[in-house]
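Descriptive analysis of the structure
Residues per chain, in single letters:
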Amino acid sequence: MSDRSFTPAFISFKALSGWLRALAQKATVHAPRREGRAVVYRELGDGQGLESFLRPTESAKHVLFPRSEALFSFQRQGEAAGAASGKIRLQEPEGEGPAIIFGALSCDARGFLSFDPVYDGCGTAQAVGGIAKDPYYLRRRANTSIIVRACKSALNTCFCHWVGGGPASTEGADLLATDLEGGLLLSPCSEAGAALLEHPDCVPALPEQIAAAAALHAAAERSLGEAPPAGELAASRAALLALFENSEFWQRQSAQCLSCGACTYLCPTCYCFNITDESNGIAGARLRSWDSCMSALFTLEASGHNPRAAKAARLKNRVGHKFSYYPAIHEGRFSCCGCGRCIKSCPSSVDIRKIVLAAIKEAAHV
Amino acid sequence: MSKAQSAAQSAAGTAPGKGPGPGARPAFAGDLPNPYLPMPATVIEVINESPSIKTFRLVLNDERAMRDFHFEPGQVGQLSMFGVGESTFVINSPPTRKDYLQFSVMKAGENTAALHGLSAGDTVGVRAPLGNFFPYESMKGKDIVFIGGGIGMAPLRTLLLFMLDTRKDYGRIRLLYGARSPQDMAFSAELPDWLVRGDLETVLTIDREAEGWEHKVGLIPNVLLEMAPAPENCVAVTCGPPIMIKFTLQALEKLGFAPEQIVTTLEKRMKCGIGICGRCNIGDKYVCVDGPVFTLAQLKGMPNEL
Ligand SMILES: Cc1cc2nc3c(=O)[nH]c(=O)nc-3n(C[C@H](O)[C@H](O)[C@H](O)COP(=O)(O)OP(=O)(O)OC[C@H]3O[C@@H](n4cnc5c(N)ncnc54)[C@H](O)[C@@H]3O)c2cc1C
Ligand code: SF4
Ligand code: SF4
Ligand code: FES
């Protein structure tokens, strides 16, 4: 990150789609759009309603980590039948060009920060075969700019401030957009973000606009509920380990869970994937696709043995990974950005905040 | 962002108990090796070990990759049947014998069934080496007792042959290998040599009497108690089906082996094999990179989720 302070700009709502269309000449722009009852990210299109703040139902993780992508394709050469005969040619996909995510939530931008060390191989530092880095993710990561749109006020499911974030956090963002009367204040947070402002409609912001944005940020911050002290939350690491064999606790926490996996698919910090092949016998591809540790199949071995056959064991793993195991590997950081999507979208009201706090409390009693 | 602000944020981000931290984005260099891309290899020989186990000897198609291929005993590879899938097997030939890479595959599901259809000359994909390996450095100068059950003999074979090839580094070496029946014993072509050679003491056992069987009859843990290896300056290396491991560990503890003296390998469903896909964890350990080899002492320090 550069030390130079970036000059904020202002863009009127009228000029907004023109600016984004200009950006779309050079990059694929993903922006939120209302579809039915959900707000989803779509490639920039006409009539997207960019002027109003939309809170995306899904996270933007698919831009860097697609729901399904080909790791490579294969083609059998010569007269071939069966999976092995003949020569085989493997081809890696061509990487996409640059992308811009417009209108991400601040928590979503921070979510990518918890992906980074995983895909950059930091969890495999001890691996004997050398550190394995994921070229598919890293290429997109280097090629993607993130424009965060500051939240106006928090939902009762939001808890970004528990885990170091906030409605207008700039961590992981290239540009922070704040909704003012008549337009957006655009505050660059990186060189890449500053470069996006090179457009005639992005005019230098007035001091009163900058002050107004700061006041809005503070108001949004105040709309968040009370956070437990960070020191208390950090106890989750030891607490979740201490409760590992307390099946009664986990049965209680998971009693309502349907194992539907909605929480994992919508979560900006869930990154588990499956690898499967698709083939017509001659040509095909090896795909990686989102997977969910809430599914009973996730750990099912060929022998029929399943270390997490019970949903209690699976919920324990999801919460444990985010609030204990991941922090153990990655400098104490949680792999949860507090977006609250898993809470809001759960059909049976499973609340990760309550589970973590209950675990800390329960562990303190034993 | 002002300097003070960014300093405050980076302080918040890296402090324990906080969420994802800031920090520079990971760099991307265009020539990053692709860890998901298998190396094409050719099957040079198929050995029928038992009704359910076949051994494959492979050579990487790229001569240079084959020559430069370096691995340690106990490391695994992912074998690809393009169009079917990929699964994990230990490289059961030792690094001291590099004419080919050997894998023994028990038919268990889709990909293993497809692998069983391979014949000499066929192509497979290989991603290897993956995972950690047997701590053979710290085993030097010690007595070794190998206890293998069924397909669990595969990883032990690697280390056993490696030690026989560097024999002077180790003390007394004993092998207890058990299978359900004589037909289920893999590596039968090698057993006569293992039984007669002077630098190895081999005991074979099967679960139930069978005609023409001249060796032990009885479950592995019981035969082990009979053999009664002394724990002093000795390391036990064991691998096999979960139920056998459970009772073998009990037998070893009864014989006085400390958890640090017992080495075993774990199995988990795997996909990426490189610590990224999130599938094979036990607490904060990933069996694909932190394992598959663990000492019993290490396992005791991990959450109980086998
Ligand atoms: C470290 C390690 C070493 C192993 N070494 C050997 C060996 O030397 N010889 C041998 O015969 N078997 C070995 N296995 C077990 C072998 O990997 C599985 O039997 C195999 O993956 C089953 O694949 P499948 O497609 O036939 O089964 P399916 O049930 O059809 O499985 C579908 C997919 O799930 C995954 N999977 C399922 N079960 C397992 C499992 N137990 N472990 C890992 N991935 C799994 C694989 O990706 C597999 O392709 C080892 C497993 C591990 C983890
Ligand atoms: S969304 Fe709720 S019900 Fe569905 S798997 Fe997650 S916790 Fe369980
Ligand atoms: S665990 Fe829930 S609150 Fe945390 S990042 Fe994932 S969806 Fe958001
Ligand atoms: S197999 Fe992907 S993390 Fe271990």
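Let me sum up the structure you'll find in this document. Keep in mind the model is a prediction, meaning the values are calculated, not measured. (Residues numbered from 1 in each chain as written. Chains lettered and ligands numbered in written order. Predicted model: local features only at pLDDT ≥ 70, side-chain atom pairs only at ≥ 80, totals over all residues.)

**Some words on the sheet that holds strand S11 (residues 234-239) of chain B**
Residue and element names in this part refer to chain B. Cut-off, in case you're wondering: Two strands pair under a simple rule: DSSP has to find at least two bridges between them. Numbering of helices and strands runs from the N terminus, with a helix taken as a DSSP run of H or I at least four residues long and a strand as a DSSP run of E at least two residues long. Our contact criterion uses C-beta atoms placed from the backbone: two residues qualify when those atoms are within 7 Å. For helices, the fitted axis covers only the stretch in contact; all axes are lines through C-alpha atoms, and the angles between them, taken along N-to-C directions, range from 0 to 180 degrees.
One open sheet holds the 7 strands; their spatial order is S10-S9-S8-S7-S11-S12-S15, and the pairing between them is mixed. Since the sheet does not close on itself, it has two edges, and those belong to strand S10 (216-217) and strand S15 (293-295), each with one partner. The sheet contact formed by strand S7 (residues 143-149) and strand S8 (residues 173-179) spans 6 bridges and is parallel. What sits directly across from Gly149, in S8, is Gly178. Sitting on the sheet, helix H4 (residues 153-165) touches S7, S8, S11 and strand S12 (262-265), and the angle it makes with S7 is about 155°.

**Describing the site of ligand 3**
This is how the line gets drawn: Each residue receives a C-beta atom built from its backbone; the residue is near a molecule or strand if that atom lies within 6 Å of it. Lys, Arg, Asp and Glu make up the charged group, whereas Ala, Val, Leu, Ile, Met, Phe, Trp, Tyr, Cys and Pro make up the nonpolar group; the residues left over, Gly among them, are polar.
A:Cys267, A:Cys336, A:Cys339, A:Arg341 and A:Cys342 are the nearest of the 13 residues found near ligand 3. Residue composition of the shell around ligand 3, grouped by class: 8 nonpolar, 3 polar and 2 charged.

**Thoughts on the packing of helix H8 (residues 247-254) of chain A against helix H10 (residues 311-329) of chain A**
Residue and element names in this part refer to chain A. How we decide: Each angle is binned into one of four classes, with values under 35 degrees roughly parallel, values over 145 roughly antiparallel, values of 65 to 115 roughly perpendicular, and all other values oblique.
Orientation of H8 relative to H10, taken along the N-to-C sense of each, is 90°, at an axis distance of 8 Å. Comparing their axes, H10 and H8 come out roughly perpendicular. Counted together, Ser247, Trp250, Gln251, Gln253 and Ser254 of H8 and Lys311, Ala312, Leu315 and Lys316 of H10 form the full contact between these two elements. The residue makeup of the contact of H8 with H10, split by class, is 3 nonpolar, 4 polar and 2 charged.

**A few points about the site of ligand 2**
Taken together, A:Cys257, A:Leu258, A:Ser259, A:Cys260, A:Gly261, A:Ala262, A:Cys263, A:Met294, A:Cys346, A:Pro347, A:Ser348 and A:Val350 make up the full set of residues adjacent to ligand 2. Of the residues in the shell around ligand 2, the class split is 9 nonpolar, 3 polar and no charged.

**Some thoughts on unusual backbone geometry**
Heads up, the condition is: Backbone-placed C-beta atoms define the burial measure: a residue is buried with 20 or more other C-beta atoms within 10 Å of its own, exposed with 12 or fewer, and partly exposed in between.
Geometrically, the link from B:Ala128 to B:Pro129 is a cis peptide bond, its omega value of -5° lying close to zero. Secondary-structure assignment places B:Pro129 in strand S6 (residues 123-130). Look at the link from B:Gly291 to B:Pro292: it is a cis peptide, with omega at 10°. Checked against the element boundaries, B:Pro292 lands in the loop between helix H8 (287-290) and S15. Unlike most non-glycine residues, A:Glu331 shows phi in positive territory, near 55°. Considering the arrangement of structural elements, one finds A:Glu331 in the loop between H10 and helix H11 (341-345). One non-glycine residue with positive phi stands out, namely A:Ser349, at about 60°. On the basis of neighbour counts, which here come to 10 C-beta atoms within 10 Å, the residue A:Ser349 falls in the exposed class.

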